[in-house]
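Architecture at a glance
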Amino acid sequence: MTIQEPGRRLMHHIPLNFVQKKVAGGGGRSTNASLSLTSMIDFLVVTVVFLLMTFSASGETPTQKGVHLPKAENTLDMIDAPIVAITGSLIMVDGNPAGNTRAIEDSKRLQRIDELFNNLKGKRELWKQTHPGKDFPGVVVLQIDQDVQAIVVKSVFQTAAFAGYPNVSFMVNSIPKSGGGGEKH
Amino acid sequence: MGGVDVGGGGKGGRKQLDSEINMIPMIDLLMVTISFLLITAVWTHMSRINADAQVPGPPRPDTEQDKVEPEKQLHVEMRSPDKFVLIWKQGGTVVSTVDVPRKDNLTVTNGFKDIRYPELAAKIESEWKTTGTHRDGSDKKFDQAILHTDNETPYVYVVGVIDAIYHAKRPYTVGGKSNTLVPAFNVTFAVN
């Protein structure tokens, strides 16, 4: 097969008028649009920078299904600690059931939750075995639904303290500071 | 193609100092980076508010326990539906008492309740500035706030009050720099 010089290959003796018009540029508006490379790269770089700034290496803290967390302004960053979730009357420690709150709700009295106590104590012992020679931080994060009664909160709080977790943190949804209420720093 | 001039005039015989960046891999890299960051993005940021269970440690043998003067503590009463009561106590002695009108501005958005007590926050801050003990940046201890609530109070109201207590901030010296602002109080719950 012979090598032919590139060029137009439309055969003029075939009456394809609409093709002729397109090729000659006499047709409608072109469907190809040009894109400014500089603007596009600027946009991409800005997007990358924004996403990198908002990137969180620690990932998302798992929230128990059905737990509606309250909101707060004056918050601290999350830490890695056992999570005690309370939704309805069920207590979960790191996703595993650890008792329920029905007895507290019925009696309306502050009391220790034995199953939760044993679970947290077991985690504490495990931590001490896996980190020999280190001080136990004693931090636990409570993930409590917004409608749970204060007596349940106080009972879980006290139970955690008795199990060797005196630093109790309440998980909340962080909201930006409104600036109202009090003097600014 | 995009070009990057890295200097030099490029005289004859010398090595060419202009180099070109291949746009196609560069745009590919940017696209992949954006995709990765978008997929791994976390849009809901969880935070925490701290509380201290005040578990006493073993007594230090080098200090005489009898001579330790009890510190002032701020007791925040939220049992009444129409007012908060701020009570400074030193041991069993009441130092001062202030009433703050209570307005429960509860808002509900998509099932999430939100309550703010700006008047309480402002009053606690002003009280701490006049009566608080640990105000210096080099002081490692914090003033103690004790929250009194009745048993049926929903948790969202408790968090609203703790948030108001933590509105008061003080400087805290870390490594010789005192530019860090931290909450002025440690919060704990009253047992009764």
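Our structure's up above, just so we're on the same page.
To start, this report covers the structure provided alongside it. (Residues numbered from 1 in each chain as written. Chains lettered and ligands numbered in written order. Predicted model: local features only at pLDDT ≥ 70, side-chain atom pairs only at ≥ 80, totals over all residues. Heavy atoms only, no water.)

**Brief notes about the overall build of chain A**
Cut-off, in case you're wondering: Secondary structure counts use DSSP, requiring at least four H or I residues in a row for a helix and at least two E residues in a row for a strand, with both numbered from the N terminus. Here's how the labels work: a residue is buried when its accessible area is under 20% of the maximum for its type, exposed when over 50%, partly exposed in between, all with a 1.4 Å probe on protein chains only. Residue contacts are counted whenever heavy atoms from the two residues lie within 4.5 Å of one another. Residue-level accessible areas treat just the shown protein chains as cover; the underlying method is Shrake-Rupley with a 1.4 Å probe.
Looking only at helices and strands, one finds 5 helices and 7 strands in chain A. In chain A, the order of α-helices and β-strands from amino to carboxyl end is α-α-β-β-β-β-β-α-α-β-α-β. Counting all 185 residues of chain A, 36% fall into the buried class. Pairs at least 24 apart in sequence give 65% of the contacts found in chain A among residues at least 6 apart. Total accessible area on chain A is roughly 11,600 Å²; 55% of this is exposed by carbon and sulfur atoms.

**Considerations on the overall build of chain B**
Tallying secondary structure elements over chain B gives 3 helices and 12 strands in all. Counting only residues that meet the buried cut, chain B has 38% of its 192 residues in that class. Contacts in chain B between residues at least 24 apart in sequence constitute 49% of all its contacts with a sequence separation of at least 6. Carbon and sulfur atoms form 56% of the exposed surface of chain B, whose accessible area is close to 10,900 Å².

**Quick look at a nonpolar patch on the surface**
Note the threshold: The residues that make up patches have over 30% relative accessible area and no salt bridge, and they are joined within 9 Å when like-charged or within 5 Å when they are Val, Leu, Ile, Met, Phe, Trp or Tyr. A pair is scored as a salt bridge if a Lys or Arg side-chain nitrogen falls within 4 Å of a carboxyl oxygen belonging to Asp or Glu.
Nonpolar side chains collect at one region of the surface, where Val 45, Val 49 and Met 53 of chain A lie side by side and expose about 290 Å² of accessible area between them. On the secondary structure map, Met 53 of chain A appears in helix α2 (residues 37–53).

**Topic: the pairing of strand β12 (residues 185–189) of chain B**
All names here are of chain B. Cut-off, in case you're wondering: In this description, strands pair whenever DSSP reports at least two bridges between them.
In terms of burial, β12 is largely enclosed, as 4 of its 5 residues are buried. Bridge count for strand β9 (residues 143–148) against β12 is 5 bridges, and the pairing is parallel. Paired with Leu 147 across the two strands is Phe 189, which belongs to β12.

**Quick look at the pattern of salt bridges**
Pairing of side chains with opposite charge becomes possible as their charged atoms draw close. For the structure on display, the rule yields 10 salt bridges over all chains. For Asp 114 of chain A, the salt bridge is made with Arg 112 of chain A, and the minimal N-O distance between the two is 3.2 Å. Classification of Asp 114 of chain A as partly exposed rests on a relative accessible area of 44%. Through salt bridges with shared partners, a single ionic network connects Glu 73 of chain A together with Asp 114, Arg 116 and Asp 163 of chain B.

**Section: the interface of chain A and chain B**
Rule in force here: Reported buried area values correspond to the accessible surface (1.4 Å probe) lost by two parts on association, with both partners' losses combined. Polar contacts, as counted here, are pairs of nitrogen or oxygen atoms within 3.5 Å of one another; within protein the pair requires one atom able to donate a hydrogen and one able to accept it, and residues that are adjacent in sequence qualify only if both atoms are side-chain atoms.
On the chain B side, the residues contacting the 58 residues of chain A number 56 residues. For the pair chain A and chain B, the two sides together bury roughly 5,300 Å², of which 64% comes from carbon and sulfur. At the junction of chain A and chain B, the tally comes to 2 salt bridges. In this structure, Arg 116 of chain B engages Glu 73 of chain A in a salt bridge whose closest nitrogen and oxygen atoms are separated by 4.0 Å. Seen at the junction of chain A and chain B, the total is 22 residue pairs in polar contact (both at pLDDT 80 or more). Those elements giving two or more residues to the side of chain A that touches chain B turn out to be α2, β1 (71–72), β2 (76–77), β6 (139–144), α5 (150–162) and β7 (167–174) of chain A.

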